[in-house]
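Spelled out, the chains give:
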Amino acid sequence: MAAHLSYGRVNLNVLREAVRRELREFLDKCAGSKAIVWDEYLTGPFGLIAQYSLLKEHEVEKMFTLKGSRLPAADVKNIIFFVRPRLELMDIIAENVLSEDRRGPARDFHILFVPRRSLLCEQRLKDLGVLGSFIHREEYSLDLIPFDGDLLSMESEGAFKECYLESDQTSLYHAAKGLMALQALYGTIPQIFGKGECARQVANMMIRMKREFTGSQNSIFPVFDNLLLLDRNVDLLSPLATQLTYEGLIDEIYGIQNSYVKLPPEKFAPKKQGDGGKDLPTEAKKLQLNSAEELYAEIRDKNFNAVGSVLSKKAKVISAAFEERHNAKTVGEIKQFVSQLPHMQAARGSLANHTSIAELIKDVTTSEDFFDKLTVEQEFMSGIDTDKVNSYIEDCIAQKHPLIKVLRLVCLQSVCNSGLKQKVLDYYKREILQTYGYEHILTLHNLEKAGLLKLQTGGRNNYPTIRKTLRLWMDDVNEQNPTDISYVYSGYAPLSVRLAQLLSRPGWRSIEEVLRILPGPHFEERQPLPTGLQKKRQPGENRVTLIFFLGGVTFAEIAALRFLSQLEDGGTEYVIATTKLINGASWIESLMEKPF
């Protein structure tokens, strides 16, 4: 059991157990000792549902990363390939299998496609002459992976690009399948709301899948009251802005992968007297970040400016607790102190880690360049000078700052101005291509196609209307004790979360005009429940809404939704699902074409 998955209204351990059971059943089909050959991208997501100990219990003796040529020697009966359905991976697998066949004693080969089997991939294996070598060819539908007590992700790295650039609905199909699997475990969700083209398609797929399974009635009492499907392109602004929550900044600066972060080791080296800084560790410090850690759960969603005071208060509490040992006189008191020691030491270790992380982040956030960039972002978001060439962006290009940083700012300006004037757009494109290289013309084309960088049509800027109606910019933000979701960006309230907030109360009818301006249709569907399963809410009981971001979600948006869940008179608790956890840099990078 993972305790941090069951703290909320929805126990996500049920989902984790279901996917673990499916994995155990597959491993047991391959009788005897086993070696697993991993598609490297899958190791992170799998680590969240099954540790090595579970695999070991089912006779997994060796694990290798999928690479060309021969597999390392392993004295096992079964070799199992865990892979995504990618054609380029099939070529490597074929090479592995053929070199094993030449090596000697016959092995049993098996292949597990995650999350779906692919006829194209099987055809490629057949063309390469190895399809017959596989005894089991199966799929493992790992669609939604529980990351935390209120957070699920498909970790589908190409979902946004597939949906908006390639018109490929594969990830939408997986999202619909994942939602159907969720309903099989947690009951039918009575109401579905949605905004955007992809949201409409996912809802249609779900309705069709439900029709195809008419034989079996879902008799589980529904845990969720509503499902809100949101397209990422309804709110292109939030991921482009710099996140200012503690977790958001860790992700912006160091990148959080499958709930782990790698940090520079110098800050975490134990300080010894008279060492003079010798023998500093060189390997990055790897930490897991989730709500299983008490302190992290408390500070992760706070604005970074409010984190320091929490850490100093915690330090005082912990040192006072350690001082208690001097007051322990009787055997009983000493025994009680000793029993609390492990918890106190863990708290002290946790505090030391987060103090070091906060120092690392502070080095960045107090730099002049960070302040200048933030000032420009906030000017754009509050509607200042969005229609002309920005001198800070010009300087960044001239000084050849990282291209992703420049693209983020240009796209932010474009979104906050409903597109740029022809003269401004041409100027930026020319400067970027001349400075960073003409191969990036493909990237600029992708950004245009995704609607991030575009020409203003009809000479009309709709952003001020949206900003005023949805109250997206708040001038007086209380970062220490916030009263509104805008604290996560120190002024800007994420549009996506504001839509969720307004849906909960007073309902979307109050913002029909803005919904028409935003891209894609908005809709509502009802899923009838069998008699006896209708939910009668107790007075004061909150509704539970599952909000699914199609195309990715940022940690700042997650923090804003958690803030709404915790409001005493909010009336709604949110569970968040997404195709991928993103930040501005990883999102822009997923749209960049790699130079040949």
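Look up: the structure comes first, before these words.
Keep in mind that what you see is a predicted model, and the values were worked out from it rather than measured.

(A) Structural context of the sheet that holds strand β3 (residues 78–83). Spatial strand order, β2-β1-β3-β4-β5: 5 strands in an open sheet with parallel pairing. The sheet is open, and its two borders are formed by β2 (60–65) and β5 (134–139), each paired with just one other strand. On average, adjacent strands in this sheet sit at an angle of 20 degrees to one another, irrespective of strand direction. For strand β1 (residues 34–38) and β2, the ladder comprises 5 bridges, and the chain directions are parallel. Paired with A35 across the two strands is K62, which belongs to β2.

(B) A look at the pairing of strand β4 (residues 108–113). Burial of β4 is extensive: 5 of the 6 residues sit out of reach of the surface. With 6 bridges joining them, β3 and β4 adopt parallel strand pairing. Looking at β4, one finds that I80 is bridged to H110. Sheet topology note: the β4/β5 ladder contains 5 bridges and is parallel. Across the sheet, residue F113 finds its bridge partner in β5, namely E139. As a crossover connection, the stretch from β4 through helix α5 (residues 119–127) into β5 is right-handed.

(C) Region of interest: the packing of helix α20 (residues 495–504) against helix α22 (residues 555–566). The contact between α20 and α22 brings their axes to 9 Å, and the two run at 25 degrees. As summarised for this structure, α20 and α22 are arranged roughly parallel, according to the angle between their axes. The interaxial crossing formed by α20 with α22 has right-handed handedness. Contacts between α20 and α22 pair S496, V497, A500 and Q501 from the former with E557, A560, L561 and L564 from the latter. Its residues assigned to classes, the contact of α20 with α22 comprises 5 nonpolar, 2 polar and 1 charged.

(D) Focus on the pattern of salt bridges. As enumerated under the stated definition, the model contains 35 salt bridges in all. The shortest N-O distance in the salt bridge between R124 and D91 comes to 2.8 Å. With a gap of 33 residues between them, R124 in helix α5 and D91 in helix α4 (residues 87–103) connect regions that are remote in the sequence. Among the residues examined, D91 registers a relative accessible area of 32% and is labelled partly exposed. Where R408 meets E252, a salt bridge forms, and the shortest distance between an N and an O atom there is 2.9 Å. With R408 in helix α16 (residues 403–415) and E252 in helix α10 (residues 246–253), this pair connects stretches of sequence that are 156 residues apart. Neither residue differs from the other here; R408 and E252 are each classed as buried. Residues participating in the shared-partner salt-bridge network are D148, D150, E247, R300, D301 and R562.

(E) Structural detail: α22. The terminal C-alpha atoms of α22 lie 16 Å apart, and with 12 residues this matches the ideal 16 Å at 1.5 Å per residue to within 8%. Where burial is concerned, most of α22 is hidden: 11 out of the 12 residues are buried. All of the buried residues in α22 are F555, A556, E557, I558, A559, A560, L561, R562, F563, L564 and S565.

Parameters at a glance
- Residues numbered from 1 in each chain as written.
- Predicted model: local features only at pLDDT ≥ 70, side-chain atom pairs only at ≥ 80, totals over all residues.
- Heavy atoms only, no water.
- Pairing = 2+ DSSP bridges.
- Helix = DSSP H or I, 4+ residues; strand = E, 2+ residues; numbered from the N terminus.
- Axes fitted to C-alpha atoms, helices over the stretch in contact; angles between N-to-C directions.
- Buried < 20%, exposed > 50% of the residue type's maximum accessible area, 1.4 Å probe, protein only.
- Right-handed = clockwise from strand over helix to strand, strands pointing away.
- Parallel < 35°, antiparallel > 145°, perpendicular 65-115°, else oblique.
- Left-handed = near helix turned anticlockwise from the far one by under 90°.
- Contact = heavy atoms within 4.5 Å.
- Nonpolar A, V, L, I, M, F, W, Y, C, P; charged D, E, K, R; others polar.
- Salt bridge = Lys/Arg side-chain N within 4 Å of Asp/Glu carboxyl O.
- Expected span 1.5 Å × (residues − 1).

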